[in-house]
Amino acid sequence: MPDPTEESRLPPGQYIPRGRPVIHYGRVPQFRPERWNLSVFGATASGEEMRLTWPQFSALPRVTVVADFHCVTKFSIMGNEWGGISAKTLMETAPPAAGVTHVMIWGEYGYSANIRLADFDRDSTVFAMELDEKPLSPERGYPVRIVVPHLYAWKSVKWVRAVEYLREDRRGFWEERGYHNLGDPWREQRYAYQEDPGDGPP
Ligand SMILES: Nc1nc2c(c(=O)[nH]1)N[C@H]1C(S)=C(S)[C@@H](COP(=O)(O)O)O[C@H]1N2
Ligand SMILES: [Mo]
């Protein structure tokens, strides 16, 4: 039976599937804690790249975010409880330089997604290590994925390895392949041909 309260939360064109689909491009990477680090590079406040080891990163304070998750292929996964580190905490740990407007989030194997700094700098944007009080499964992004719940889920990069601060916008993996630069599900910003001037880099 569809849950009416969940149905009423759906953005236009979305539906609630059975189960919780898993979807990504390419293979699931292996986590090797001693080799893992999170790089924060590009236009950092210090001018230097910062690399957080797994012990350093995973010791940062944790938050919980409850949010729905909207894939551009039109399924939505409702009411996820993500546990992890707020993007705001990462920004305090490794701050951007003045003039940073966008952030590129990098996953293993070169997957990437660009978001505006204002979308990164939100209480609901989280580097998630847990889903519903359990560690992420390998195919959902273990050990850590970013979740940007107010944008289409391709922006929620799994197996995150780097954050790049940008002084001008640049398209990520799907944004270069015909998807909308901004990806707001409430405005149905699915494809690049729907972009208005100023929504993306030329
Ligand atoms: N690294 C990486 N992250 C990714 C993807 C990917 O291909 N690689 N696919 C994205 C897409 S299109 C979606 S819909 C969600 C799916 O997340 P889920 O498998 O937890 O449902 O992950 C996103 N994050
Ligand atoms: Mo997706």
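Everything that follows concerns the structure shown earlier in this document.
Residues numbered from 1 in each chain as written. Chains lettered and ligands numbered in written order. Predicted model: local features only at pLDDT ≥ 70, side-chain atom pairs only at ≥ 80, totals over all residues.

Visitor: Mind showing me how you'd approach the overall build of the protein chain here?
Guide: Counting its regular elements, the protein chain contains 4 helices and 10 strands. When the elements of the protein chain are put in sequence order from the N terminus, they spell out α-β-β-α-β-β-α-β-β-α-β-β-β-β. Relative to a compact globule of 202 residues, whose C-alpha radius of gyration would be 17 Å, the protein chain shows 16 Å and is just as compact. Counting only C-alpha atoms and orienting by the principal axes, one finds that the protein chain spans roughly 50 × 40 × 30 Å. Sorting the 202 residues of the protein chain into buried and exposed places 34% on the buried side. At a minimum sequence separation of 6, the contacts of the protein chain that also span at least 24 residues come to 64%. (Helix = DSSP H or I, 4+ residues; strand = E, 2+ residues; numbered from the N terminus. Rg over C-alpha atoms; globule rule 2.2 N^0.38 Å. Buried ≥ 20, exposed ≤ 12 C-beta atoms within 10 Å, placed from the backbone. Contact = placed C-beta atoms within 7 Å.)

Visitor: Where do I start with unusual backbone geometry in this structure?
Guide: Backbone phi values are negative for most residues with the exception of glycine, while trans is the configuration of most peptide bonds. Residue Pro 143 is reached from Tyr 142 by a cis peptide bond, and omega for that bond is 10°. In this structure, Pro 143 sits in the loop between β8 (134–135) and β9 (145–147). One non-glycine residue with positive phi stands out, namely Glu 133, at about 70°. Tracing the sequence through the fold places Glu 133 in the loop between β7 (126–131) and β8.

Visitor: Can you walk me through the site of ligand 1 in this structure?
Guide: Close to ligand 1 lie 15 residues; His 24, Tyr 25, Cys 71, Gly 107 and Lys 158 are nearest. For the shell around ligand 1, the per-class residue count stands at 10 nonpolar, 3 polar and 2 charged. (Near = placed C-beta within 6 Å. Nonpolar A, V, L, I, M, F, W, Y, C, P; charged D, E, K, R; others polar.)

Visitor: What is the right way to read the pairing of β7 from this model?
Guide: Strand residues, when the strand is regular, have side chains that alternate between the two faces of the sheet. Looking at chain direction, strand β4 (residues 76–86) and β7 are connected through 5 bridges and run antiparallel. By the bridge assignment for β7, Ile 85 is matched with Phe 127. Relative to β9, β7 runs antiparallel, the two being bridged by 3 bridges. In the strand pairing of β9, Phe 127 is matched with Ile 146. With 2 bridges joining them, β7 and β8 adopt antiparallel strand pairing. Across the sheet, Glu 130 pairs through a bridge with Pro 135, a residue of β8. (Pairing = 2+ DSSP bridges.)

Visitor: I keep staring at the environment of Val 144 and nothing clicks. Help me out?
Guide: Counting through the fold element by element, Val 144 comes out in the loop between β8 and β9. The class of Val 144 is buried, set by 26 C-beta atoms lying within 10 Å.

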